[in-house]
Amino acid sequence: VDRTDPGVEFWDQSFEGVTPRADLLRRTLVTSVEVKVRLLLAREFGIRGEVNFENVERRWQVENLRRQEAVERDEELFGPVQYTLQEYVENDLRSLDVALMQRLEEKELLKNADSIWDRPPGESRLERMQRSYKAYLKGEVEKSIVRVNQANVLSLDLVAGEPGT
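Residues numbered from 1 in each chain as written. Predicted model: local features only at pLDDT ≥ 70, side-chain atom pairs only at ≥ 80, totals over all residues. Heavy atoms only, no water.

Visitor: Would you mind going over the overall build of the protein chain in detail, with residue names and values included?
Guide: The number of helices and strands found in the protein chain is five helices and zero strands. Listed N to C, the secondary structure of the protein chain is α-α-α-α-α in terms of helices and strands. The contacts in the protein chain between residues at least 6 apart in sequence include a share of 55% that link residues at least 24 apart. Total accessible area on the protein chain is roughly 12,000 Å²; 53% of this is exposed by carbon and sulfur atoms. (Helix = DSSP H or I, 4+ residues; strand = E, 2+ residues; numbered from the N terminus. Contact = heavy atoms within 4.5 Å. Areas by Shrake-Rupley, 256 points an atom, 1.4 Å probe, with all protein chains shown as cover.)

Visitor: Just give me the short version of helix H3 (residues 53-72), but keep the residues and values in it.
Guide: Compared with the 28 Å implied by 1.5 Å per residue over 20 residues, the 29 Å span of H3 between its first and last C-alpha is a close match. What H3 keeps buried is the set Asn55, Val56, Arg59, Trp60, Glu63, Asn64, Arg67 and Ala70. The elements touched by buried residues of H3 are helix H4 (85-106). Positive backbone phi, at 65 degrees, marks aspartate 74, one or two positions downstream of H3. (Expected span 1.5 Å × (residues − 1). Buried < 20%, exposed > 50% of the residue type's maximum accessible area, 1.4 Å probe, protein only.)

Visitor: Can you break down helix H5 (residues 125-143) residue by residue, with the values?
Guide: Helix length check: H5, at 19 residues, gives a terminal C-alpha distance of 27 Å against a target of 27 Å (1.5 Å per residue), a fit within 8%. Within H5 the residues assigned to the buried category are Arg128, Met129, Ser132, Tyr133, Tyr136, Leu137 and Glu140. For H5, the arc enclosing every buried residue in end-on projection is 165 degrees, short of the 170-degree limit, so these residues lie on one face. Summarising the geometry of H5, the exposed residues directed more than 90 degrees from the buried face are Lys134, Lys138 and Glu142. (Arc of directions from axis to C-beta.)

Visitor: I'd like to hear about the environment of glutamate 57, residue by residue, with values.
Guide: In this fold, glutamate 57 is placed in helix H3. Of the residues examined, glutamate 57 reaches a relative accessible area of 28% and is grouped as partly exposed. Counting along the chain gives 31 residues from glutamate 57 to tyrosine 88, while the straight-line C-alpha distance between them is 9.2 Å.

See the structure below:
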């Protein structure tokens, strides 16, 4: 038995009432909502403009062009000469999180994200900000109304009624 190839049956076989296909789809949708909420908050607080794929792709291409030109000018460059789209998005979201966390802190929106009694002893200011930021985002995600374009999803009925959806 080849354990490296789960086969087609794997994706539709139920494990504790959930199929891997349904779990993967659910996790993908959850991650998509979390990213979209971060982008919308960045737009709301003036950190970013429009939040659509075309703008992300355009910023990625501009960044890669800037990096290539820096190499041609023999300038010091941190990271790869060219980002893949995935690398760019991951790096961009980390930068966006830092900017958003700072903006929320400036507006004192993170201050009440948790109780002083919930803070671990010896927690640094940065650790508190990060924890409060995660709590703030979680609250924003939970308030979100999600509309899914059926044309972009193979089958939403896979996750209907599953835990955590």
